[in-house]
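# Descriptive analysis of the structure
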Amino acid sequence: QQQVKQSPQSLIVQKGGIPIINCAYENTAFDYFPWYQQFPGKGPALLIAIRPDVSEKKEGRFTISFNKSAKQFSLHIMDSQPGDSATYFCAAVPDNYGQNFVFGPGTRLSVLP
Amino acid sequence: NAGVTQTPKFQVLKTGQSMTLQCAQDMNHEYMSWYRQDPGMGLRLIHYSVGAGITDQGEVPNGYNVSRSTTEDFPLRLLSAAPSQTSVYFCASRGGWDSSAGELFFGEGSRLTVL
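Report on the accompanying structure. What you are looking at is a predicted structure, and each value in this text was computed from that prediction instead of being measured.

## Here's the deal with the interface of chain A and chain B
Counting from both sides, the interface comprises 22 residues of chain A and, opposite them, 21 residues of chain B. Together chain A and chain B conceal approximately 1800 Å² of surface at their shared face, both sides included; 54% is due to carbon and sulfur atoms. Inspection of the region where chain A meets chain B yields one salt bridge. Among the salt bridges present, the one from Lys42 of chain A reaches Glu108 of chain B, with a minimum N-O distance of 3.2 Å. For the pair chain A and chain B, the number of links is four residue pairs in polar contact (both at pLDDT 80 or more). Elements supplying a minimum of two residues to the side of chain A that touches chain B: β4 (30–38) and β9 (86–94) of chain A. With four residues, β4 of chain A is the single largest residue contributor to the side of chain A that touches chain B. Broken down by class, the residue content of the side of chain A that touches chain B amounts to 11 nonpolar, seven polar and four charged.

Laid out in structure tokens, this is it:
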């Protein structure tokens, strides 16, 4: 069964801290792993994405680490700011034509000033 | 640059009533989809479409109907609303239907309460 597990469910850090959100999957056909950021009252928006041919991708303060053998990937937020407070969803997309995004249950992040 | 537009933003229904959530995109995307978001459940796929005239069921299709007569529009119909359909609904579109198509664009959501 296609499923993406995500932890923790919620996370509170101080400004400047480095929150880490972890995701795991089972289906080896997944080959695209995006992270979405959602602010209250808004739709999710793409934050950063990775494909399994690389082990790490960095965009600004956001980094994805990918471990293909363990079937795990994680999001790190460097120097976190109160404006990063949001819900974060990991997702996985199979490489087969005609498949859909599979989302994790989400992590609610609060960055305290 | 509107992207994905959903209406209405808020709706209250009584059990048994029917209604349609509207979704329109102006990016000429082939792929459109509807998700519902419930606390602790993430985003669950209801129905999706890969082009005009083509629709298919997602993970949680019961109680919902869709059609795709144009590339731009993908309405979601609730046939006989139930309290279990109280949720936030998101429409999303994408340029293609495989993993190379990249980003999934979401609307701002429609919050539905069924009494």
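The rest of the description comes next.
## Regarding the sheet that holds strand β7 (residues 64–66) of chain B
Backbone hydrogen bonds are what pair the strands of a sheet, in a parallel or an antiparallel way. All names here are of chain B. The antiparallel open sheet is built from four strands, whose spatial order is β1-β3-β8-β7. Every interior strand has two partners, whereas the edge strands, β1 (4–7) and β7, have only one. Going from strand to strand, the sheet's axes swing by 20° on average, the running direction of each strand aside. Examined bridge by bridge, β7 and strand β8 (residues 76–78) share three bridges and lie antiparallel to one another. What sits directly across from Val66, in β8, is Leu76.

Procedures and definitions
- Residues numbered from 1 in each chain as written.
- Chains lettered and ligands numbered in written order.
- Predicted model: local features only at pLDDT ≥ 70, side-chain atom pairs only at ≥ 80, totals over all residues.
- Heavy atoms only, no water.
- Contact = heavy atoms within 4.5 Å.
- Buried area = accessible area lost by both parts, 1.4 Å probe.
- Salt bridge = Lys/Arg side-chain N within 4 Å of Asp/Glu carboxyl O.
- Polar contact = N/O pair within 3.5 Å; in protein donor to acceptor, adjacent residues only side chain to side chain.
- Helix = DSSP H or I, 4+ residues; strand = E, 2+ residues; numbered from the N terminus.
- Nonpolar A, V, L, I, M, F, W, Y, C, P; charged D, E, K, R; others polar.
- Pairing = 2+ DSSP bridges.
- Axes fitted to C-alpha atoms, helices over the stretch in contact; angles between N-to-C directions.

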